[in-house]
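The chain contents come next:
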Amino acid sequence: MPHPTSLRRAPVQQRSAERLTRILDACAQLLDEGGYDGLSTRAVATRADVPIGSVYRFFSNKRALVDALAQRNLESYAERVAARLGGIATDDWRGAMDAILDEYLAMKRTAPGFSLVDFGTQIPVGDPESDPNHRVADTLTDLLAPHLGRTPDAALRRTFLVAVETADALVRLAFRLDPTGDEAIIAETRELLRAYLARVLD
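Because the structure is predicted, anything quoted here is derived from the model rather than measured. (Residues numbered from 1 in each chain as written. Predicted model: local features only at pLDDT ≥ 70, side-chain atom pairs only at ≥ 80, totals over all residues. Heavy atoms only, no water.)

Draft legend 1. Up close: the confidence of the model for the protein chain. Averaged over every residue, the pLDDT of the protein chain is 89; the share at 70 or more is 89%. Looking over the protein chain, one finds the lowest element-wise mean pLDDT in helix α6 (residues 114-117), namely 89, and the highest in helix α9 (residues 183-201), namely 97. (pLDDT = per-residue confidence, 0-100. Helix = DSSP H or I, 4+ residues; strand = E, 2+ residues; numbered from the N terminus.)

Here it is in structure tokens:
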């Protein structure tokens, strides 16, 4: 469910929640097909097979739609990472880091609209003050700290923020070089993250 601040009105009934899901699914599909510039609330309503008023019931404009999609992406990513961590030993931070990167790459390659929006970092009209990488780093810190038996203090949050910012830049490079993600760059990213995190997590 998108963060409440992304919505004009949160769905109360199951039918409303299902309609909201269809709207966001349609938004993601249209982003893949025509990019942000080609996106409109009317096109989303048509694709979702809902009245245009249903879109405006939840969202004031297309930017709010895309912001909500980015939030849904982050929540889905957190769920995927949490599920993977359940099968990884608590002393295996390298395995945990691999799972975090692998799940991001999987969403980058398969989730509709994710290649353009991901967690908000590439929204063309996004507010730079929203700092989506801070939200990602905080989410991962909150997931990883208990798993690794660490205290999620300011120093650990800063470490994960640097790792997220670094990985974000390098993964974007990998996908600029190859639409499916340049495997050599991804391998270098993995090695760089391991070397950086080892000084804190070993």
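Draft legend 2. Structural view of the pattern of salt bridges. Under the criterion given, the structure shown has 14 salt bridges. Note that Asp-98 is salt-bridged to Arg-190, the shortest N-O span being 3.2 Å. Within this pair, whereas Asp-98 is found in helix α5 (residues 93-110), its partner Arg-190 is found in helix α9, the two being separated by 92 residues in sequence. With a shortest N-O distance of 2.5 Å, Asp-98 and Arg-194 are connected by a salt bridge. Of this pair, Asp-98 sits in helix α5 while Arg-194 sits in helix α9, and the two are 96 residues apart along the sequence. Judged by relative accessible area, Asp-98 falls into the buried class, the value being 15%. (Salt bridge = Lys/Arg side-chain N within 4 Å of Asp/Glu carboxyl O. Buried < 20%, exposed > 50% of the residue type's maximum accessible area, 1.4 Å probe, protein only.)

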